[in-house]
Amino acid sequence: MERIDGHTLLIGLMAYPIRHSMSPTMHNNAFAKLGLNYAYLAFEIDNDKLEKAVDAIRTLDMRGSNISMPNKQNILPYLDKLSPASRMTGAVNTVVNDNGVLTGYTTDGTGFMKSLEDENLNIIGKKMTIAGAGGAGTPVAIQAALDGVAEIDIFNRDTDPQWEQAKKNVDIINKETDCKATLHSLTDQEAFKQSIASCDIYCDATSVGMGELADLSLVNDPSWFHKDMIVFDTVYAPRETKLMKIAKGAGVEHVFNGLGMMLEQGAEAFKLWTGQEMPVDYICDLLFKDED
Ligand code: NAD
């Protein structure tokens, strides 16, 4: 409490529902650790309150906000500027207020790339296969393309609403980056198998592997994997998904869940607001110390 005084700057989280979020704990502990005079609070905001809530960022001279569902796309018309990745994905998860000018960013993709860098893995110039084109798959594919991944095969179920988003992702990557993107339906299992056989990183950015889909994996045959590839599941609860178990069983050296991506997307936002590096290892220990 001693941290909060008349100069404390407010950062928000605007989403609905939101009370379950770990972000307030993450950011407030990081501010305290670094002695930064900010406070981070969650606000239950859905579509009908969004415009006024965004205006409040300016009115209250807040430093910014995180934005989550259902507001990530609906917020675009209320902002003044967008980062290239935000414009290309059509989504925002972080707002920065610079003297009343609100800029939207998306840090899920940069968080994904940073989490690989943390493991000393470099996918620039390489080939990615990604399943999923929703809130996670879209920024991951677009940031990978912006950062210099050479080739991306995007797979999605052609019956899901995200199929249309997958088409947009492929179009914009091919139009605006040097990466070659190709779209496939997940029903084309032969193409899926071939793509994984020739890729350097397979990323599952679908909802498969968590919740009621926890017992499922999009890849069930370990022979589809090769040992020197990266297998990345954006799911972080459970910590080890069925896909990860199969990949480890196949002897794949680099197998990750989405925890590093989740922490690093927060760290990217933290840096945009404060200019400082979030103490990621400290926060990781604090939030997940009860785990092995
Ligand atoms: P979303 O609802 O926007 O998209 C869901 C995606 O999963 C779509 O591409 C859809 O076609 C696909 N899908 C759903 N059921 C499927 C099935 N049975 N078979 C094949 N494909 C299926 O969701 P999202 O926000 O993109 O989240 C996707 C995953 O990413 C979730 O598991 C979520 O936990 C994870 N995620 C992780 C982070 C992180 O920081 N690590 C951030 C965001 C989301």
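In this numbering scheme, every chain counts its residues from 1 along its sequence in written order. In keeping with the predicted nature of the model, local features appear solely for residues at pLDDT of at least 70, side-chain atom pairs appear and are counted solely at 80 or more, and the whole-chain, interface and lining totals rest on all residues. Calculated side-chain values reflect all of the structure's heavy atoms, with hydrogen atoms and water omitted.

**Student:** What is the right way to look at the domain arrangement of the protein chain in this model?
**Tutor:** Where the parts come together, the accessible area they lose is often given as the size of the interface. All the domain ranges listed were derived from an automatic or database domain assignment. In terms of domain boundaries, the protein chain breaks down into domain 1 (9-106 + 262-291) and domain 2 (109-257). The centre of domain 1, based on its C-alpha atoms, is set 26 Å off from the matching centre of domain 2. Here, residues are in contact when the closest pair of their heavy atoms is within 4.5 Å. Opposite the 13 residues of domain 1 that make contact, domain 2 presents 16 residues. Note on terms: buried area is the combined drop in 1.4 Å-probe accessible area of two parts once they are placed together, counting the loss on both. Interface area lost by domain 1 to domain 2 is led by Met88, Thr89 and Glu264, which between them contribute 45%. We count a salt bridge whenever a side-chain nitrogen from Lys or Arg sits within 4 Å of a carboxyl oxygen from Asp or Glu. Applying the counting criterion to the domain 1 and domain 2 interface returns 2 salt bridges. Put simply, Glu176 and Arg87 hold a salt bridge, and the shortest N to O gap is 2.9 Å. Whenever a nitrogen or oxygen atom comes within 3.5 Å of another N or O atom, the pair is scored as a polar contact, on the condition that within protein one atom can donate a hydrogen and the other can accept it, and that pairs from neighbouring residues in sequence are kept only if both atoms are in side chains. There are 1 residue pair in polar contact (both at pLDDT 80 or more) connecting domain 1 and domain 2. Looking at the side of domain 1 that touches domain 2, the elements that each hand over two or more residues are helix H3 (84-89) and helix H9 (259-274). When residue character is reported, Ala, Val, Leu, Ile, Met, Phe, Trp, Tyr, Cys and Pro are called nonpolar, Asp, Glu, Lys and Arg charged, and the others, Gly included, polar. Per-class residue counts for the side of domain 1 that touches domain 2 are 5 nonpolar, 4 polar and 4 charged. Secondary structure elements are defined from DSSP: runs of H or I of at least 4 residues count as helices, runs of E of at least 2 residues count as strands, and each element is numbered from the N terminus.

**Student:** Quick question: what am I supposed to make of helix H7 (residues 189-197) here?
**Tutor:** Structural remark: α-helix, 3.6 residues per turn; residues separated by three or four positions point the same way. Relative accessible area decides the class of each residue, using a 1.4 Å probe on protein chains only: under 20% of the type maximum gives buried, over 50% gives exposed, and in between gives partly exposed. Buried residues of H7: Ala191, Phe192, Ser195 and Ile196, and no others. The buried residues of H7 occupy one face: seen down the axis, they fall within an arc of 130°. Buried positions along H7 lie against strand E7 (127-131), strand E8 (151-156), strand E9 (180-185) and strand E10 (201-204). It is the directions from the helix axis to the C-beta atoms whose arc is reported.

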